[in-house]
Amino acid sequence: MLARRDMGKLTFLDLVDRSGRIQLFCEQSVLEGLDLDLGDIVGAIGRSMKTRRGEPSLRVGELEPLAKIRLPLPDIYHGLTDVETRFRKRYLDLLVNEETRRDALLRARMVSSIRRRLDEQGFVEVETPVLQPRYGGAFARPFVTHHNELDQDFYLRIATELYLKRLIVGGLERVYEIGKDFRNEGVSYKHQPEFTMLEWYEAYADYRDTMARIETLVEAVALEVIGSTKVSFRGADIDLAAPWRRLRLPDALEAEGLWTRDEAELRRRLEARDVDVSHDQTWAQLIDHALSAFIEPTLVQPTILHDYPIELSPFARTTDEDPTLVERFEYFIGGMELGNAFSEINDAVDQAERFEMQQSARDAGDVLAEEGDPDYVEALSYGMPPTGGLGLGIDRLVMVLTGRETIRDVVLFPALRSSRE
RNA sequence: GGGCCGUUAGCUCAGCUGGUAGAGCAGGGGACUCUUAAUCCCAAGGUCGCAGGUUCGAUCCCUGCACGGCCUACCA
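Procedures and definitions
Residues numbered from 1 in each chain as written. Chains lettered and ligands numbered in written order. Predicted model: local features only at pLDDT ≥ 70, side-chain atom pairs only at ≥ 80, totals over all residues. Heavy atoms only, no water. Pairing = 2+ DSSP bridges. Helix = DSSP H or I, 4+ residues; strand = E, 2+ residues; numbered from the N terminus. Axes fitted to C-alpha atoms, helices over the stretch in contact; angles between N-to-C directions. Contact = heavy atoms within 4.5 Å. Near = heavy atom within 4 Å. Polar contact = N/O pair within 3.5 Å; in protein donor to acceptor, adjacent residues only side chain to side chain. Expected span 1.5 Å × (residues − 1). Buried < 20%, exposed > 50% of the residue type's maximum accessible area, 1.4 Å probe, protein only. Core = buried A, V, L, I, M, F, W, Y, C linked by side-chain atoms within 4.5 Å. pLDDT = per-residue confidence, 0-100. Parallel < 35°, antiparallel > 145°, perpendicular 65-115°, else oblique. Left-handed = near helix turned anticlockwise from the far one by under 90°. Nonpolar A, V, L, I, M, F, W, Y, C, P; charged D, E, K, R; others polar.

Engineer: Talk me through the sheet that holds strand β1 (residues 3–7); I want residue IDs and the actual numbers.
Structural biologist: Strand order in the open sheet formed by 5 strands is β1-β2-β3-β5-β4, and the pairing between neighbours is mixed. For this open sheet the edge positions go to β1 and β4 (41–50), each flanked by a neighbour on one side alone. Pairs of neighbouring strands in the sheet enclose a mean axial angle of 35°, with direction left out of account. Both strand β3 (residues 20–27) and strand β5 (residues 56–67) contribute to a ladder of 3 bridges, which runs parallel. In the sheet register, Leu 24 faces β5, and the bridge partner there is Leu 58.

Encoded structure:
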């Protein structure tokens, strides 16, 4: 019960639930002996009617209190705007801000739409370990925890990649997982320490098949969930309809005058553009930096950026034309990376060599470069079919579909520092 | 990590040049049989984020701290 208008012997109440709002029309006798406050939960039985002003209402015959509010509700008219309170007490945000409720439901519909479509396309949903003895599948710092009985440290997964591909080795052929990944890094409008990731792996597919699958998936999900492929995000009008623009990464950098294999030269060119490259130890890190500073922000309409340097991509197979490039793409919407995909390396020897390349990068000071995973290499030794794999940041797609500008708005309980109370 | 900004009643917000704080909503009491941000009357509601400092006097000026926001840096 979120509004009450007393007219002497007549009382109008607004009852709100997930399905919307209905006005209750109560005569004095119905409310006799009841102590009703805004925020109370009540059940009402009555007949539908229209008031003189034409408002559809329920003429209440019986009103039953179901739950008593004990603390005052935030201002219904102004809503709850204090950002910190909205995040810490999301239940209040949901109670008084309709858009919050709407977007929470939209997220749920989006995830089930994705799930349903993948299921229909022959994918099998699986669950892989969150606690992993070694972490991999992404360049990120992990959270570490400890198992007492086993007396062993575990990492909270930064990706599901390496376990899912073991399932491809095992013959499941099309698998996916939707779950939380954990990365022990900074927070921003598009980063949270725990976030929801979709990864799928498809045997007998390559990155071109995967491009088609993701762009048609996003298009279909948008149509189903918001009824349109057109969205407004961060001040831009965006059309999610397939096919998406394709752009080779070397071409994109070349157009900016930033495509060179010469590390020192690339460093000079970036410095000339006032980029702080002091933290970048390797050519790969410099390229990555150039990409995020000069290319990513320009990719507002959905864009598939493909053919990455081998140094950035320890799990992607090389292109047929150029052994220094791999069959990998990232896709961007609204100047934000939504996900990453590639034709997987399916040869154990190739994979072992890539881990060695990554070890060299670590030795050169890139602390995020992949550590090897001998157990994974062993799995590949039993033969993995050619496979297309993809990751999708679920939270970020929710941002795009809802038009919310920060990831904290699409995660119900975002990570905040504890307040000392 | 750095810079800037914010924190006043349960909520939304005022508060001038330093003189111990106001409103609306919610909550309490009252009037009203068609309201819908209902209206009207009455009363109540405060560790001005926390701790110091300057001052005769601090919500206001200064310092530190906490939490939050934006930018930046870091970051698949």
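Structure's up, so let's keep going.
Engineer: Could you give an account of the sheet that holds strand β14 (residues 245–248), naming the residues involved and the relevant values?
Structural biologist: In space, the 8 strands of this open sheet follow the order β6-β10-β11-β18-β17-β16-β15-β14, with mixed pairing throughout. Only two strands of the sheet have a single neighbouring strand rather than two, namely β6 (124–125) and β14. Contacting β10 (174–182), β11 (194–203), β14, β15 (303–309), β16 (325–333), β17 (336–343) and β18 (387–393), helix α6 (residues 207–226) crosses the sheet at an angle of about 10° to β16.

Engineer: Quick one: what's the story with the protein's contact with RNA strand B, residue by residue and with numbers?
Structural biologist: Around RNA strand B, the structure places 46 residues, and the nearest of them are Arg 53, Glu 84, Glu 185, Asn 340 and Arg 417. Counting only the atoms of RNA strand B that lie within 4 Å of the protein, the sugar and phosphate share comes to 59%. Within the contact set of RNA strand B, a phosphate oxygen lies 3.2 Å away from a side-chain nitrogen or oxygen of Asp 37. Between Arg 417 and RNA strand B, the recorded distance is 2.7 Å, taken from a backbone N or O atom to a phosphate oxygen. Among the secondary structure elements, those contributing two or more residues to the surface near RNA strand B are β1, β2 (10–17), β3, α2 (83–88), α9 (283–295) and β16. With 4 residues, the top contributor of residues to the surface near RNA strand B is α2.

Engineer: Residue-level account of helix α4 (residues 98–120), with values.
Structural biologist: Over its 23 residues, α4 runs 33 Å from end to end, which matches the ideal 33 Å to within 8%, given 1.5 Å per residue. Every buried residue belonging to α4 is among Thr 100, Asp 103, Leu 106, Arg 107, Met 110, Val 111, Ser 113, Ile 114 and Leu 118, and all of these are buried. Downstream of α4 by a residue or two, Gly 122 has a phi angle that is positive, lying close to 85°.

Engineer: How would you explain the nonpolar core if you had to name every residue and give the values?
Structural biologist: Counting 42 residues, the largest nonpolar core has Met 110, Ile 114, Ile 214 and Leu 392 as its most contacted members. Those residues in contact with Met 110, other than ones at most four positions away along the chain, are Val 221, Val 225, Ile 394, Leu 397, Val 398 and Leu 401. Counting 39 residues, the second-largest nonpolar core is a separate cluster that includes Tyr 201, Leu 247, Trp 283 and Met 384.

Engineer: Summarise helix α12 (residues 394–402); cite the residues concerned and give the values.
Structural biologist: Count 3.6 residues to each turn of an α-helix, and residues three or four apart come out pointing the same way. The element α12 is extensively covered by neighbouring structure, given that 9 of its 9 residues are classed as buried. Those residues of α12 that sit buried are Ile 394, Asp 395, Arg 396, Leu 397, Val 398, Met 399, Val 400, Leu 401 and Thr 402. Among the residues trailing α12, Gly 403 stands out with phi positive, at a value near 80°.

Engineer: Quick rundown of the confidence of the model for chain A? Include the residues and the values.
Structural biologist: Reading fine detail from the predicted coordinates is not recommended where pLDDT is low. For chain A, per-residue confidence averages 93 on the pLDDT scale, and 99% of positions sit at 70 or higher. Here the predicted complex scores 0.94 on pTM and 0.89 on ipTM.

Engineer: Tell me what's going on with the packing of α4 against α6, and back it up with residues and numbers.
Structural biologist: It is the contact of α4 with α6, at a shortest axis distance of 9 Å, that shows an interaxial angle of 135°. If you check the angle between α4 and α6, you find them oblique. Between α4 and α6 the crossing geometry is right-handed. Contact residues: Leu 106, Arg 109, Met 110, Ser 113, Ile 114, Arg 116 and Arg 117 in α4; Leu 217, Ala 220, Val 221, Glu 224, Val 225 and Ile 226 in α6. Split by residue class, the contact of α4 with α6 holds 8 nonpolar, 1 polar and 4 charged.

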